[in-house]
Amino acid sequence: MSGDNQIVFEDVSKFYGEVLGVNRVHLSIPPGITTLVGPNGSGKTTLMNLMTGLVRPTRGRIRVLGMSPNEPERLFRVLGYCTQFDSFPKGLTGYDFLYTTLRLHAKGRAEAHQLAMNALERVSMTEAAGRRIASYSKGMRQRIKLAQAICHQPSVLVLDEPLNGLDPMARAEAIALFRALAGEGLHVIISSHILHEVDRISDQVVLLSNGYVVAEGQIQAVRGEMHQEHPLQILVRCTQPGLLAARLFAQDHVAEVKMHNDRQGLLVSTRDPDLFYELLNQLVLEGTVEVSSVAPADDDVHSVYEYLIGTEGGAA
Amino acid sequence: MKAKLPWGLWRAQVLAILRLELKKNFARKRAIPVYLLAASPLALYAAHSIGYARGWNQCTGHEDLTDFARVFQLFVLRLAIFFSAVAVFMNLFRGEVLEKSLHYYFLAPVRREVLVVGKYLSALLVTCVLFGVSTALSYLMLLSHLSQTKSHALAGPAMAELPAYLGVTVLACVGYGAVFLILGLLFRNPIFPTVGVLIWESILVFLPSILKKFSVIFYLESLCPVKVPFHGGGAMFAISADPTPAYLAVPGLLCLTVAVMVLASLCIRRMEIRYGTE
C-alpha cells in the first residue's frame, strides 16, 4: 500500500520536558477504523496531537497521507480532529461554530451553510443549532465537536474519546457514523477506554502503555501472537463434554480444560487453536460429540488489553 | 518557476478571522472596560460643553486647544489607548490559551502567519474605530464652542489639526498593539513586562534623547500637532529632545509593527497546544 495513503510514524518520540509522552513509535495506519487503547497517560492523546501538529515530535518523522503536520494549510483540508478539550470560542451558536470553521476553510457562504447543515444533520444537532454552545449539555457539546471535525468532509478523522458524555442512544448513533465514514474509505482514528464498544468497530487496534506501543494490528492477529504466553480460551457447547475433555487432555497444545457449570460444555485453553479446531472437526465427523456452538472467549480487545497492560489505569 | 502565492485565499481567511474575532471578543462583557476607556474623553468634553453652555466655563481659545492636546497626550495616548491595547492585543492569543480555544484556529487550514495578521487586524480595527471616533467627537465638541465664541477665528485652523490627531490615534493603536501582542506571546505572565513598559513610557521625559527613541510615546508625541510642555514637580529634571520628524516617526512605528508581526508569526508557528502547562 502506498505511503501516501497511510498515516506513518517513523521512530517518533515526544518528551514534555523530562516527562515522556511517547517513545520510539513506529506505526503505519491504513484506512478504516483504528483504535488507540491504553490507560490514562499511556500516550493516546499525544499520538493524536502529534499527527495533527498540535505538538511537535522531539524526534522522528510523521506523515499524514504524505503531508507533514507542520503544514496546517494543507493538512487540515483533509483532516478533522475532535479533541478532548471541552471548550469552545465564546458567544457562538452551534451553527456559527461550524459556519465559521468552514469560512476559515475559505468556503463560500452558500457552500459553508450547506456543509454546516449537513454536518449538523449527521450528528442529529439540527434543532439545537441556533442555541449558544454555552447552553449545551455535555453530550451535545461532544456532538457539535464531532460535527466540526467532519463538516469539511475530511479523509482522515481523528477522534479523542469521542464517546465520552454520550448517552447510549447517541453512542450507538456515533458508532454507526464512524462505521459509515470508515466505509466511505476514511481513516478513522479513535481513542477510547470503552473497550467493548471499541472492539465492535475497530479494524485494527494500537495498544499503548507508558508511552510505548505494546501491540498493533487486527485484534485477532495480536491475540494470535500471545497464544504461547496466554493460551486462547474457547467455549464449546456440546453433548458428551467429558469424552471431549478426555480427548483434549491427550493433546500437547491444550493447556487447560474446565467443565462448564451446567455440564453442557467445556472451556478449553489452547496454545494452537488451529490444531484444536482440526481435532474438534474430526470428533464431530466421527460422531463422538455433537457440538451446538464454538466461540473464542478471550480474543477481544478487553482480554488482549488485560494480558498486555493489566487492568490498572482506569480502563473499563 | 516560483509558485503563485494564494493571496485570494489568505484574504478570505483573514476576513473570516476578522468576523469571528469581532463576534467573540467585542460583543462580550470583557470588552466593556475598553469601551469605557474610549468613551471617557467623550464624557469629559461633553461635560465641558455643558459647562460652556451654562456659563460655568470660559472659553479661552488657545488654552482650550492646548488643554485638548494635554488630555490627548497624557490621558488618551498614555492611559486609554495604552491600557486598551493591553486588554485587547495581549489577549489575542493569550486569552485563547487561557480559555482553551486556540486549538480551533490551529485545526483550520490556515497558515499561522495569516492567523497572526487576521487577529492583529481585528484588534486594530476595533481600537482604531473606538478611539478614532472618540477623539474626533471630543475634538469636534471643543471646536463647536470655539466657533460660537470670540475664538471663532481659531476654529478653522484647529479643524485642520483633526486629521493629525486621528493619525496619531491610529499609530498609537498600531504601535502599542504590536508591543502588547508580542508581550502576550513571549511571557507566561505578562503583567510584569506591562508594568515595565508603563514605567518606561512614564519616565521617558527624564531620559536622554537616545533612550527616548526606544519607546512608542516619543514618536507619537512628536507627531502631535500641538506640543505640550512638561510641567510639574520634576520639570527641572526633564530632558528635552528634538521631536522626530513625521517622515521618520511614521515609518519607524510601522517598521516596529512589521518586525513584531514577523516575531509573533515565528512564535505562533512554534507554539504547541499544551493548555495544561499554561
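Residues numbered from 1 in each chain as written. Chains lettered and ligands numbered in written order. Predicted model: local features only at pLDDT ≥ 70, side-chain atom pairs only at ≥ 80, totals over all residues.

## Some remarks on the overall build of chain B
Then, number 1: Within chain B, the secondary structure is distributed over 12 helices and zero strands.
Then, number 2: Counting from the amino terminus, chain B carries its helices and strands in the arrangement α-α-α-α-α-α-α-α-α-α-α-α.
Then, number 3: Look at the contacts in chain B between residues 6 or more apart in sequence, and 86% of them connect residues 24 or more apart. (Helix = DSSP H or I, 4+ residues; strand = E, 2+ residues; numbered from the N terminus. Contact = placed C-beta atoms within 7 Å.)

## Focus on the environment of A:His26
Residues and elements named next belong to chain A.
Then, number 1: Structurally, His26 can be placed in strand S2 (residues 19-29).
Then, number 2: The exposed category is assigned to His26, around which 12 C-beta atoms lie within 10 Å.
Then, number 3: Sequence separation of His26 and Gly60 is 34 residues, and the distance between their C-alpha atoms is 9.2 Å.
Then, number 4: If sequence neighbours within four positions are ignored, His26 has contacts with Phe9, Glu10 and Asp11. (Buried ≥ 20, exposed ≤ 12 C-beta atoms within 10 Å, placed from the backbone.)

## Some remarks on the sheet that holds strand S9 (residues 212-217) of chain A
Residues and elements named next belong to chain A.
Then, number 1: Here we have six strands laid out as an open sheet, ordered S5-S6-S7-S3-S8-S9, and mixed in their pairing. The two strands at the open ends of the sheet, each matched to only one other strand, are strand S5 (79-82) and S9. Neighbouring strand axes in the sheet, compared pairwise and without regard to direction, differ in orientation by 15° on average.
Then, number 2: Relative to strand S8 (residues 204-209), strand S3 (residues 32-37) runs parallel, the two sharing four bridges. Bridge pairing in S8 places Val37 opposite Leu207.
Then, number 3: Along the sheet, helix H5 (residues 138-150) makes contact with S5 and strand S6 (156-160), crossing S5 at roughly 170°. (Pairing = 2+ DSSP bridges. Axes fitted to C-alpha atoms, helices over the stretch in contact; angles between N-to-C directions.)

## Observations concerning the interface of chain B and chain A
Then, number 1: Counting residues at the interface gives 24 residues for chain B, matched by 24 residues for chain A.
Then, number 2: At the level of secondary structure, the elements contributing two or more residues to the side of chain B that touches chain A comprise helix H1 (7-25) and helix H5 (102-106) of chain B.
Then, number 3: Considering every element that reaches the side of chain B that touches chain A, the biggest residue donor is H1(B), with seven residues.

## Structural notes on the packing of helix H8 (residues 162-186) of chain B against helix H12 (residues 246-270) of chain B
Any two packed helices are characterised by the angle at which their axes cross and by the distance between the axes.
All names here are of chain B.
Then, number 1: Interhelical geometry of H8 versus H12 gives an angle of 25° and a closest axis separation of 9 Å. On the basis of the axis angle, H8 is roughly parallel to H12. For the pair H8 and H12, the crossing hand works out as left-handed. Counted together, Leu171, Val174, Gly175, Ala178, Leu181, Ile182, Leu185 and Leu186 of H8 and Val250, Leu253, Leu256, Thr257, Val260, Leu263, Ala264 and Cys267 of H12 form the full contact between these two elements.
Then, number 2: Along the lines of polarity and charge, the residues of the contact of H8 with H12 split into 14 nonpolar, two polar and no charged. (Parallel < 35°, antiparallel > 145°, perpendicular 65-115°, else oblique. Left-handed = near helix turned anticlockwise from the far one by under 90°. Nonpolar A, V, L, I, M, F, W, Y, C, P; charged D, E, K, R; others polar.)

## Regarding the domain arrangement of chain A
Then, number 1: Under the domain assignment, chain A is made up of domain 1 (3-221) and domain 2 (231-297).
Then, number 2: Relative placement of domain 1 of chain A and domain 2 of chain A: their C-alpha centres are 42 Å apart. (Domains from an automatic or database assignment.)

## Comments concerning the environment of A:Ala245
All names here are of chain A.
Then, number 1: Considering the arrangement of structural elements, one finds Ala245 in helix H9 (residues 241-249).
Then, number 2: Given 16 C-beta atoms within a 10 Å radius, Ala245 is considered partly exposed.
Then, number 3: For the pair Ala245 and Met259, spaced 14 residues apart in the sequence, the C-alpha separation amounts to 8.2 Å.
Then, number 4: Ignoring sequence-local partners within four residues, the contact set of Ala245 consists of Val257, Met259 and Leu266.

## Digging into the nonpolar core
The nonpolar side chains of a soluble globular protein tend to be buried, and buried together.
Then, number 1: Formed by 145 residues in total, the largest nonpolar core has its most connected members in A:Val37, A:Leu98, A:Ala116, A:Ala147, A:Val188, B:Ile81 and B:Leu181.
Then, number 2: At 14 residues, the largest contribution of residues to this core is made by H8(B).
Then, number 3: If near-sequence neighbours (up to four positions away) are discounted, A:Leu98 is found in contact with A:Ala116, A:Ala119, A:Leu120, A:Ala147, A:Gln148 and A:Cys151.
Then, number 4: By size, the runner-up hydrophobic cluster in this structure holds 11 residues, among which are A:Ile234, A:Val236, A:Leu244 and A:Val268. (Core = buried A, V, L, I, M, F, W, Y, C linked by C-beta atoms within 7 Å.)

## Some details on the packing of helix H2 (residues 32-54) of chain B against helix H3 (residues 62-89) of chain B
Residues and elements named next belong to chain B.
Then, number 1: Following both chains from N to C, one finds H2 and H3 inclined at 165°, their axes separated by 9 Å at the closest point. Comparing the axis directions of H2 and H3 gives the class roughly antiparallel. Relative to H3, the crossing made by H2 is left-handed. For the pair formed by H2 and H3, the contact residues are Pro33, Val34, Leu37, Ala38, Ser40, Pro41 and Leu44 on the first element and Val71, Phe75, Val76, Ala80, Phe83, Ser84, Ala87 and Val88 on the second.
Then, number 2: The residue inventory of the contact of H2 with H3, partitioned by class, reads 13 nonpolar, two polar and no charged.

## Comments concerning unusual backbone geometry
Residues and elements named next belong to chain A.
Then, number 1: Residue Leu65 is not a glycine yet carries a positive backbone phi of 50°.
Then, number 2: Counting through the fold element by element, Leu65 comes out in the loop between strand S4 (59-64) and helix H2 (72-78).
Then, number 3: Among the residues examined, Leu65 registers 19 C-beta atoms within 10 Å and is labelled partly exposed.
Then, number 4: In this structure, Ser124 takes a positive phi of about 55° despite not being glycine.

## Some remarks on the confidence of the model for chain B
All names here are of chain B.
Then, number 1: When pLDDT is averaged across chain B, the result is 87; 90% of the residues are at 70 or more.
Then, number 2: Predicted confidence in chain B is weakest over helix H7 (residues 152-159), with a mean pLDDT of 68, and strongest over H8, with 95.
Then, number 3: Scoring of the predicted complex yields 0.85 for pTM and 0.82 for ipTM. (pLDDT = per-residue confidence, 0-100.)

## Looking at H2(B)
Residues and elements named next belong to chain B.
Then, number 1: Taking 1.5 Å of rise per residue, the 23 residues of H2 would be expected to cover 33 Å, and the 31 Å separating its terminal C-alpha atoms lies within 8% of that figure.
Then, number 2: Of all the bends found along H2, the most pronounced is centred on Ala39 and spans about 35°, while Pro41, a proline, follows it within four residues.
Then, number 3: Those residues of H2 lying buried are Val34, Leu37, Ala38, Pro41, Tyr45 and His48.
Then, number 4: At the exit of H2 stands Gly55, carrying a positive phi of roughly 80°. (Expected span 1.5 Å × (residues − 1). Bend = angle between axes of the 7 residues up to and from the residue.)

## Here we look at the pairing of strand S10 (residues 232-238) of chain A
All names here are of chain A.
Then, number 1: Residue alternation in S10 divides its side chains into a buried set, Leu232, Ile234, Val236 and Cys238, and an unburied set, Gln233, Leu235 and Arg237.
Then, number 2: Pairing between S10 and strand S12 (residues 265-270): six bridges, direction antiparallel. Bridge assignment links Gln233 to a residue of S12, and that residue is Ser269.
Then, number 3: Of the pairings in the sheet, the one linking S10 to strand S13 (residues 291-296) comprises five bridges and is antiparallel in character. In the sheet register, Cys238 faces S13, and the bridge partner there is Val291.

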